[in-house]
Structures are given as C-alpha cells and as structure tokens.
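Inside the fold
Listed here are the chains, written in short residue letters.
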Amino acid sequence: MTAEQREKIEEALFPPVVAILIAFVVGDILMLSFNQSPFVVWRLLLEGTWGNAYGFGQVLYKATTLSFTGMAVAFAYRAGLFNIGGEGQLAAGGLAAALVGFALPIGFPAVLAILLGCLCAAAAGGIVGAVPGYLRVRFGAHEVITTIMLNFVVLALLNWFIATKLRVPETLHTPEIHAGAISRLSALLPAFHGSAANLSVIVVIVTAVAMWYYMFRTRGGYELRAVGLQPDAAEYGGISVSRVLFSAMTVSGVIAGLGGINFVLGYKYYYEDGFAGGTGFLGIAVALVGRNNPFGILIAALFFATLSQGGLAVNAFVPKQMVDVLQGVVIIAIAASVPEVRRILLGARRRPVVSAAWDSAPVATTPPEAPV
Amino acid sequence: MNSFAIVTQVLRIAVPYLFAAAGGVIAERSGIISLTLEGYMLGGAFAAVVGTFYSGSPVIGAMCGIGGGIVLALIHAVACIRYRADQVIVGIAINLFAVGITRFFLKLLFGSSSNSPRVDGFAAGYGNPVLWLGLLSTPFVAFILFRTPFGLRVRATGEKPEAAASVGVSVHRVQYMAVMLSGGLAALGGVYLALDQHQFTDQMTAGRGFIAVAAVIFGRWSPLRAGAACLLFAAAETIQIHLQGNHVVASQFIEMIPYVLTIVALAGVVGRAIPPAALGRAEA
Amino acid sequence: MTPPPIGSLAVRMHDICKSFGHIRANRNASLQVAHGEIHALVGENGAGKSTLMRVLGGLLTPDSGTLEVNGSDVTGWTTPDAIAAGVGVVHQHFMLVPTLTVAENLVLGMEPTKAGQIDYARAVADVKRLGEETGLVIDGTRLVADLSVGEAQRVEILKTLYRGAKILVLDEPTAVLSPPEVKGLALVLRGVRDNGGTVIIITHRLDEVMALSETITVMRAGETVASLRTADTNPSEIAQAMVGRHVRLTTREFAIVTETTLTPSRVNKAARASGSGLVVRNLIVAGSRKAREVDDITFTVRPGEILGIAGVEGNGQSELIEAIAGLRAVSSGFVGIGDTDLTSASPRDRADAGLSHIPEDRQRRGLVMDYSVADNLILGMQHRFSHRGSLDRAAIAEYARQQIRAFDIRPPNFAASARTLSGGNQQKVVVAREMGGGRDYSVLLASQPTRGVDVGAIEFIHSRLIAARDSGKAILLVSAELNEVLSLSDRVAVMCRGRFVVVMPAADATEDVLGEYMTGARVAA
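All values derive from a computational prediction rather than experimental measurement.

Attention now moves to the overall build of chain C. Along its length, chain C carries 18 helices and 24 strands. Across the 525 residues that make up chain C, the buried fraction comes to 51%. When contacts within chain C are restricted to residue pairs at least 6 apart in sequence, long-range pairs at least 24 apart make up 67% of them.

See below:
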C-alpha cells in the first residue's frame, strides 16, 4: 500500500470514528441524565437491533430508504451539487409508485408491475430533481436553496393531491395498490416475521453496484467527477458542464424517487402523506458518513437505521428522542472533522492548494483601535 | 372582521419571521449560511418555556430563550468557523439536533412527548413587548449593518474576507459575533411563538425558520427588504386563513407562495438575488 | 515620535526562511531599506519576493530569521501590529471590497465614529483631504466595483496612507497599469518619499526599477543575491543577478533556452502548403466592463510556424487564447483551422478538428488535481478510451505508461494523483497529453507553457515546441517571459489593450523594441 492510498483511507475513516466516539459520550450523558446505566442501555440498543431477526429486519428496512436518499445526495455531490431535495423527490417517487400500483388491474404480472412501479417512482423523483438542475444550469440559481424550497412546494402539492383527489376517507393515504407489491423478507425467511424488511433491499444493492460502476468505471462517471472536482478543467477537457450538472441532478432525483418503493410497494402498499418523515434530510448525513461512496453509504445507512431502531428498543429506559440528538451530534462532528483531518494530513505532507499566504494569515487578531 | 384586526393578525404571524429573517440577514452578510434559523427558533421557544416555567417570569423566560438560541448558534459557529465544516450540512444538523434536544428535554423535564404544561406569557396583542421588539428587529439589524463599525466589518467579511483581514479586521471574531447575534434574534422569534401560545409543543416552529430563509433571499440580503418579505408572506398566510372553508384556492397553494417566490427570485426573473460573495466559503 | 534620521534603517530583514511544505519560498533572504528611499525588490516570477513582503506585512510568520522595523525587533508580528507600526502593503490582487464605497473601504477596520455610529461624512472628507495631499483624487462615495483598475490602486494606496503608513510596500504595482497611470504612480511614490515615507516596490520590470528606485535588492530562487544602488548599476547587471548567469539584454541569447532553439525554422514546405494553420479574423471578445478584452484581432499562424505573443499581463492575451480554445464566448469574428469554421464549436469539437491547448493555469484548467496521472493524460480524449460508455482501463494504463516514458514524467507512477507531482512534472503531464503520440493535432495553443516549472522541464518543453513546429504544427505561444517569446518564435506579436500593436519577424525584434510596444510607448505605423 502506498503512502497516498494509506492517506486516503485515513482521511475517509478518521472522521466517522471520531464522530461515533463523540456521539457515544453524548449518549452516555443523556442516559445518565435519565438515571440509566449507559452500559445497560447500549447493550439493549444492540440487542434490539442486531440481536434478533425482527429488530434486524427493521434495521434493514430503514436502511434501505436511507441508502436510496444517501446515494441520491452522493450522486449529486460527486458532480459538485448539493441535493437537499431528497425529501420531496422521495415522496414524489412514493406517490408515483402507489398510483401505478393502484391503476394496474388485480392480477397484473407481479414482476412487470414492480418494474413499472420502480420506473415511475424513478421518473417522478427525476422530474422533481430536474427542476433545480434546470434552474441551476439555465439561471445559475443555487441548488441548495432551490431544492429546499422545492421540498416545501412538492410536499404541499402532494398533500393537496392526497387531500382532494385520491384518499381513503378519514385518512391521509391512498387506497391500497392492486399490483406491484414487493414481497417481504419474511416470506423467504420466517424469522423476519413482523418486520417491514422486503426485497427492495435487493434493488438498493443493485443500485449501489450500478452507481459505483458508473462513477468509477464509465466515461460518464469520469466526466461527472471531473465536473465536481474542477469544473474549469472539465470544460477545458471538452465536457459540457451544464449537461453534466443537469443530468446529475436529475439522476440524483431518480435515485431518491426510487426509494419510494420501499415504503409504498414493500411495506404499506399505499402512499401516505408525510411518509418521507425526514429520511430525505437524513440522506445527507448518510452520504456524509459514507463519504459519498455507494458501499460506504450502505454501511452508513445501516448505522443510522440501527440508531433509529435502537431508539425504539430502549424507549422504556431512555426516551427514543435521544436518537434524534445523537444523529445531529454525529453529523456536526463529522462535518467538523472532515476538513480538519484533511488539513492535518495535507499540512503534514504538502503545500496547501489554496494561496498559502491567505491560508496562514493571522486573522484571529485584534483590530486596531478606531481613531477618536 | 375589520381591517385593524387583519393588520393585527398579519403582525402576529409576521413577528417570528421578522426576528428570524433579521438574524438570517446578519449571519449571511457575514458569510455564514443560515439554514439554522429553524433550529434557533425551536431552541429559543423551548428554553423560554422552561425558563418561564421554573421562574414564573416570562421576562426571565425570554432571556433563557435568547440564551438557548445563542448556545445553538455557538455550536454552529464553532463547527463552521473554527473547524471549517460545510455550513449547509452543519445547518441541517443543527436543526435536527434542536428537534432532538427539545424533544428529549420535553420528556425529561415534563414527561411528555408532545407539549409542555401551560406557562405564563406576556399580555396579549399590542401589550406584548416581544411583538414590538419583533417589529423593531428589522430596523435594528439595518442600523447595525449600515451605521456601525461592526456592521461595516460584517459586510466586508461576507463579501471579501481577505480584504477585511488585510486591514486587521478579525474575520473570525466578526463571524462569531454575527452568528451569535443571529441566534439570539431568531430565538426571540421562538420566544414569541411559545409565550404567545403559553406552551411549547414538539416542532412548534413548523418550518417558519425556512420561511425566514426564503424572506432573506427574496429580500436579497437587505434587512428592510427581508422584513418586507416577511410581512408579505404573513399577509398571504392571513388571506389563506380567511379563505379556509370557501374553496376558491386550496390552502396548499397559498402555503407555497414564499417558496415559489424565492425560487423565482433566485432564478432572476425579477431582480436577480445575488448572495454575499463569500457566503458559505469555508476558508479563513 | 520624532522623525528618524534620514539614512537610518526603516526595514532590516535578516536570514528570513519560509517554507510551504517542501517549497522553500525564502532561503536566508536579507533586505535592508533606509528611511526615505524608494527601494526596488526585483526577481523573476517565483523568486520569493511576495513571500518576503508578506512576512514584512505580518501576513506570514517566518520559519526563522529576524525582522526589524525602525530599529526594533518585530519578528513574527501580525497584520494589525504592522499597520500600527506604519507598514502598509498594497497587494497585487487588490484587497478592496467591491460592494462597499471608496470611503467605506478606506476606513474599514479603523472607522471614525460619532456616538457609536460610523462618521461617514468624515470618512468621505478624509478621502478628499488625503487625495488633495497626495494627488490621488477620487470620489469617496463611489462604489469600488465601478472603479477602473488604476483608480482601485489609488484607493489601495490611500488606504495605507490613511492608516498612517510610513513604509509603503507595493506588490507589482505596474502590472495592471497603463503607461500614463504608471507615470502618475511614479509621481505619487516620489511624493510619499518626499514627505518622509519609505517605499518598497516589487517588480520584475527593469525599466521601472531604473526609473523609480534608488536602491535595489535582487532575489533569485528564494535568496537575496544582490544589493545594488541604482545609480551605480545598469539593467544588464540586474538581469544577470536575476537569472544567475551572464546575459546580454539586447540580443536573443538572453534566453535560458538551449542552442537548438536558435536554429531557424525548418519549415516543412508540404505542411505549409496544406494551409491548415490557425486563422483568426476580426475577433472581438467583450469584457466584464465596457472595454473589449480582445479588440478586433486578425492573424494567421501558418503550419511550421511559431507566432509568439508578448505583452504586459492582462492585456487580453488570456482572453484571446480562451476564445480560440472555445472556453470564452466570442462577440464577433472568426476562428478556424484552415477553412474549417470553429468560431462557435465546443471545446471537444475543436479538439477533434486538430486544436491542442496547453492552458496557462494547469492547476485550475489543465489538470484535475485529484485525478491520477493516467486519468489526466486522457482528459479531453476520454471518448477515445471508452467502449459503450465504459472506460477501457487497460488501454488507459498502457497509454499512460507510454506517455510517462516518452515525457519522462516523475515519479513514473500513473496511479499517483496529479496533486502529488511537482510543478514541472504536472506541466509535463499537460504537455504529454496535448502534444503526445495519442494526439492528432495541427494547431497548438501554448499559454505560459513553462510558468513555474524548473529549468530542466523548461528546456524539455522548449525542445518539444521546436520539434512540433519543425514537424509542421502551427503554434501560438503566449508568455510573460519576453526571452521565451523571442527565442522560440518565428514571428512576434505585441498585445496591448486587446490589440496587436505590432507583428514582426522575431529576427527584427529586440527586447527594447518590444518593451516600447508593450508599454504603449511606441505604436506601429
């Protein structure tokens, strides 16, 4: 292993490890504030998630949607774009899948129906993702803000649709789908009985492999990453930066939209208003911890899913809200340690890329007194 | 309903926006992205209720609220300034953290996962001093930004930090102060909400922080224009409330107005919104 | 404070060392400047002048060495310390906030206040008063974004004077100025000197050194190699100290380049007859302000010819090259190879039509710094190394090995990221890609092809350019190094304010003549 490879691995692994340690300490404090033994609670948390088939099934289920939204964020991020619209894209995908399943007749071939559902979910997410992509390329409107704003717009639109066009009375969900249900894992392994885990997990793994191959083994991925790293060099290299930005944002939406199948086709068999419930936002954390690598994201999604499910498992001892706090802590800690670790590794070896003078300018000094 | 009552209603809705947008303007003008307003508001609302509950005094409660917002802002500032973390990511994390920490302590202190017990508040309507503070927050930030040395340094820092540093301005100190000021201001928005309703409820800010972000952008980072945007958004909401029941326009479409307007402003269809040049830049 | 006696030392820097990673920017650099003199700090690009002055201005802390100002040891001080002690630095890249007014920029950091508020009226009055004292007249209420470059520089100087600067440091102050503005600056600097100030200017233009300064320090490769009195020296001696060997300024041997470069163009007649050179007609490129960056330029570069463009940086050379390369929008005109119209072609189509381009900024444009050497070697040719959308990793690796061998790229590891290479080897990657065996090109744009690379790489790149010319390529060369332009080109054009002011055979050109055209002092008939 070369020094460079070692450094890359260090750079990827240090921040998550640091963050998890910090989260561990914060978790201890929260548990102690509830007069609980951290040791007991952590053990319970692990037992309730990885210790039995049901708990693990729930972790898998939650990790599936998180992987989709995480990969959506990462795909855009590799092109230098920040997609915070996962929430709306995911919801739109879910509704599209539900509509397809509802529109198809009972008895429609399952494989075809699932395929159609996936396609429509992806397309719906793609459309929602394409809008900020277009606004960015055509008008230079920054995608961070437009995706956030579009979340609210899309969620309001979907809410309007459910409330006024298609719902089971007295609820905020659509009728059940007629075709396209994805089978539960428990149908294959009875131990998973009761858990929401379903074969969408296969779709997510296939998506991860495909994303990895595209990113690192195809010309498209080569061009996309070049745009993300150095748009000026990409332009010079004959790459159409606008086209890459637009398509990256669209594909990012496609991946997030595809995530809608897990809840709609795999778990509830209907679309329910608000089912995304922050999973789109949490995808940012998953991508961050997974360092924008599809396989890293699968692992990171398992981590966040474990936290989330673990919160339920220990709820009798410490309120599950502890998990919300820990999620925030992990994200802040990682976001703060990534540049720090990079700076330390870079500083140890080579010249900073940015202007050296500016980088080491003593900015934290006192200004002179104003003249009287 | 007479027009005076309508104005009153618009102002009541607008006050949280005005506080948060004023805070957003000053932080963003210093170069730090303010997706955190929602979290500051929520933290401020919770701390205000806790402070009022234990002291019995809404004044002390309001102080606690401001303190809560400043603490959250300090976390954001340390991560973004000291550790140069990505401001968008940390901003979203601060919001998640605020939701989590308020829920956790709601459970710990009040044993509920939905709401706190009832607490005292200020007088209703125009007797509420926080309402007046809210109306003053916009001119206050405008004064700070455009009339004081600190404001000049904030504007220089957000636009070209290396220029500010070259004349001995401490870029980091300016940013710390701007972000904490923004935390305190936005928190007052939460204080108003919570004490107006005499209790804290889980996620009671319900996206108001993001409406404030929209107002900052739609107001093109100018405090007065951002304040005007807040009033506009509040007026739209008031109309929505009055239209409820008669199905002329579905309420969801009126809810969208701030967001759609912001997107339109960013796309430059009417007067392009150009952010401070160094906004979100993690160097220095 | 009583004024220090004339002739005592304002600045004394001794054995300053400063490294950035493995780059040693200053190596035992020493500098002495007396009160009340105008001192020139000269040296080639990358000689360490700016680093030394940043140490003086408190922007950098030296690794070792001492810094004394007005006789007291101030080593390791900070910017506010330096400002308080009367050291003012005018940076090459202006430190002005474009969205603020002149007056606001002037007072930033030490604002006059009245009852806690900025006394804006007083700030504007201060601009006026200072302007009248020094001749740097400018309206304090104007937005900096609306100023011309020369006006912005005036504000920078005013800023330092407002802060009570007695020691004024200017980093390449003339690089961006027009000749009349240069004259105005000279008057201002003398005025500062006559009022008891001390001035240090960083420059690499010998005519200004001779005209402006009283004493000179020469830097080379991070070291201070000579300390001279202007009255007792001549440009030839300074130049010799700058490049470290004997040079004769008026002849083409000034160049560092090897003998091979002096051989006359062995023009391949067949290639010339084919007529597939670079054609540019009436090219206009609009600038960000009203001025045209490229103002109606027409020329051709024939196969087997190097056309060199000389000029003070910022006179439209970069914009011209970018417009030809398809990286900048053209307002009107024609760009083509032979009869093939490429005016609105994409960069990729231009490459396919036979255009190669060594960009001036390899770290921003020429390389994806976090990509491996192999991935960088195929940038712009990625479509030729993929089958059905998938990259052919084996072919890329094989091609990279070949190019690394052919261009002696070190370390010879195609998986190393470009960032880890030295400047010279990074440039070799760019050159290998644009001129290597995998490239079928007829026209080459070479912009600052040897900037910031070591001598060995310079010679290697020069010999490659000559060889390419001899094999019939049409080459458009832009360089800030006059000697490079003179020694490599068959014809030389001088660019000044977006126009070619003269085009002449290189044999007729001397540095003196070009210098006059470059500064606008002479205009072709």
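And the narrative resumes.
Counting secondary structure elements, chain B contains 12 helices and zero strands. Secondary structure elements in chain B, listed N-terminal to C-terminal, are α-α-α-α-α-α-α-α-α-α-α-α. In terms of principal-axis extent, the alpha carbons of chain B reach across some 55 × 45 × 30 Å. For chain B, buried positions account for 62% of its 284 residues. A fraction of 76% describes how many contacts in chain B between residues 6 or more apart in sequence connect residues 24 or more apart.

What follows covers the interface of chain A and chain B. Facing the 47 residues of chain A at the interface are 47 residues of chain B. Those elements that place two or more of their residues in the side of chain A that touches chain B are helix H1 (3-33), helix H5 (110-139), helix H6 (143-164), helix H12 (279-289) and helix H14 (321-349) of chain A. Here the side of chain A that touches chain B takes 13 residues from H14 of chain A, the largest share from any one element. In terms of residue class, the side of chain A that touches chain B is built from 35 nonpolar, 10 polar and two charged.

Contacts between the two partners involve 17 residues from chain C and, on the opposite side, 17 residues from chain B. Secondary structure elements with two or more residues in the side of chain C that touches chain B: helix H2 (79-84) and strand E8 (117-118) of chain C. The biggest single contributor to the side of chain C that touches chain B is H2 of chain C, with three residues. Taken together, the residues that form the side of chain C that touches chain B break down as eight nonpolar, seven polar and two charged.

Residue and element names in this part refer to chain C. Spatially, E6-E9-E10-E3-E11-E12 is the arrangement adopted by the six strands of the open sheet, whose pairing is mixed. Two strands in the sheet have a free side with no partner beyond their single neighbour: strand E6 (87-90) and strand E12 (223-229). Shown here is a sheet whose adjacent strand axes are inclined to one another by a mean of 15°, direction ignored. The sheet contact formed by E6 and strand E9 (residues 167-171) spans four bridges and is parallel.

Looking now at the packing of H5 of chain A against helix H11 (residues 260-268) of chain A. Residue and element names in this part refer to chain A. Where H5 contacts H11, the two axes come as close as 10 Å, and the packing angle between them is 150°. Overall, the two elements H5 and H11 adopt an arrangement that is roughly antiparallel. Read as a crossing pair, H5 and H11 show a hand that is right-handed. Of H11, the residues touching H5 (which contributes Ile114, Gly117, Cys118 and Ala121) are Gly260, Ile261 and Leu265. For the contact of H5 with H11, the per-class residue count stands at five nonpolar, two polar and no charged.

If you look at the biggest cluster of nonpolar residues, it comprises 393 residues, and the most contacted ones within it are Ile332 and Ala335 of chain A, Tyr17, Ala21, Ala45 and Ala215 of chain B together with Val494 of chain C. In terms of residues, this core owes the most to one element, helix H8 (residues 171-197) of chain B, which gives 16 residues. Excluding residues within four positions of it along the chain, Ile332 of chain A makes contact with Ile75, Ala79, Val90, Ala93 and Phe97 of chain B.

Residues and elements named next belong to chain B. As for its placement among the helices and strands, Leu72 is situated in helix H3 (residues 58-82). The spatial distance from the C-alpha of Leu72 to the C-alpha of Thr36 is 8.8 Å, given a sequence separation of 36 residues. Every residue in contact with Leu72, bar those within four places of it in the chain, is listed here: Gly39, Tyr40, Gly43, Ile94, Ala98 and Gly183.

A few words on the confidence of the model for chain C. Per-residue pLDDT for chain C has a mean of 84; in total, 89% of the residues score no lower than 70. Scoring the predicted complex yields pTM 0.84 and, for the interface, ipTM 0.88.

With that out of the way, let us pick up the environment of Arg217 of chain A. For Arg217 of chain A, the location among the structural elements is in helix H7 (residues 200-217). With near-sequence residues (within four places) excluded, Arg217 of chain A lies in contact with Ser390 and Leu391 of chain C.

So, about unusual backbone geometry. Residues and elements named next belong to chain C. Going from Arg410 to Pro411, the amide bond is cis rather than trans, its omega being -5°. Mapped onto the elements, Pro411 comes out in the loop between helix H14 (393-406) and helix H15 (423-435). Of note in the backbone geometry, Arg497 takes a positive phi value of approximately 50° without being a glycine. Note on placement: Arg497 falls in the loop between strand E23 (491-496) and strand E24 (499-505). For Arg497, a count of 16 C-beta atoms within 10 Å puts it in the partly exposed group.

Looking now at the packing of helix H4 (residues 86-103) of chain A against H11 of chain A. All names here are of chain A. Contact geometry of H4 with H11 gives a least axis separation of 7 Å together with a crossing angle of 30°. Looking at the two axes, H4 sits roughly parallel to H11. Along this stretch, H4 crosses H11, giving a crossing that reads as right-handed. For the pair H4 and H11, the contacting residues are Leu90, Gly93, Gly94, Ala97, Ala98 and Gly101 in the first and Gly260, Ile261, Phe263, Val264 and Leu265 in the second. Along the lines of polarity and charge, the residues of the contact of H4 with H11 split into seven nonpolar, four polar and no charged.

Now for the pairing of strand E13 (residues 278-286) of chain C. Residues and elements named next belong to chain C. Two elements, E13 and strand E14 (residues 292-301), share seven bridges in a ladder whose sense is antiparallel. Looking at the pairing, Val280 lines up with Phe299 of E14. Judged from the five bridges that link them, E13 and strand E16 (residues 332-337) form a sheet pairing that is antiparallel. Of the residues in E16, the one forming a bridge with Val279 is Gly336.

The subject of this paragraph is the environment of Val137 of chain A. All names here are of chain A. Checked against the element boundaries, Val137 lands in helix H5. Given 19 C-beta atoms within a 10 Å radius, Val137 is considered partly exposed. Sequence-wise, Val137 and Leu245 are 108 residues apart; in three dimensions their C-alpha atoms are separated by 7.1 Å. Non-local contacts of Val137, meaning those with residues more than four positions away in its chain, are made with Ser242, Leu245 and Phe246.

In a regular helix each residue adds 1.5 Å, so 18 residues correspond to 26 Å; H4 of chain A covers 25 Å between its end C-alpha atoms and thus fits that length. Burial analysis of H4 of chain A places 16 of its 18 residues in the buried class, the great majority of the element.

For helix H5 (residues 149-162) of chain C, with 14 residues, the first-to-last C-alpha span of 20 Å sits near the 20 Å given by 1.5 Å per residue. With 10 of 14 residues buried, H5 of chain C is to be regarded as a mostly interior element.

Right, let's talk about the sheet that holds strand E18 (residues 355-358) of chain C for a bit. By way of backbone hydrogen bonds, the strands of a sheet pair with one another, either parallel or antiparallel. All names here are of chain C. Pairing within the open sheet is mixed, and its six strands lie in the order E18-E21-E22-E15-E23-E24. Edge positions in the open sheet fall to E18 and E24, since each of these has one partner strand only. The mean angle between the axes of side-by-side strands here comes to 15°, regardless of whether they run parallel or antiparallel. Bridge analysis of E18 against strand E21 (residues 443-447) gives four bridges, and the strand direction is parallel. Bridge pairing in E21 places Leu355 opposite Val443. Lying on the sheet, H15 is in contact with E18 and E21; it crosses E18 at an angle near 175°.

Cut-off values and rules
- Residues numbered from 1 in each chain as written.
- Chains lettered and ligands numbered in written order.
- Predicted model: local features only at pLDDT ≥ 70, side-chain atom pairs only at ≥ 80, totals over all residues.
- Helix = DSSP H or I, 4+ residues; strand = E, 2+ residues; numbered from the N terminus.
- Buried ≥ 20, exposed ≤ 12 C-beta atoms within 10 Å, placed from the backbone.
- Contact = placed C-beta atoms within 7 Å.
- Nonpolar A, V, L, I, M, F, W, Y, C, P; charged D, E, K, R; others polar.
- Pairing = 2+ DSSP bridges.
- Axes fitted to C-alpha atoms, helices over the stretch in contact; angles between N-to-C directions.
- Parallel < 35°, antiparallel > 145°, perpendicular 65-115°, else oblique.
- Left-handed = near helix turned anticlockwise from the far one by under 90°.
- Core = buried A, V, L, I, M, F, W, Y, C linked by C-beta atoms within 7 Å.
- pLDDT = per-residue confidence, 0-100.
- Expected span 1.5 Å × (residues − 1).

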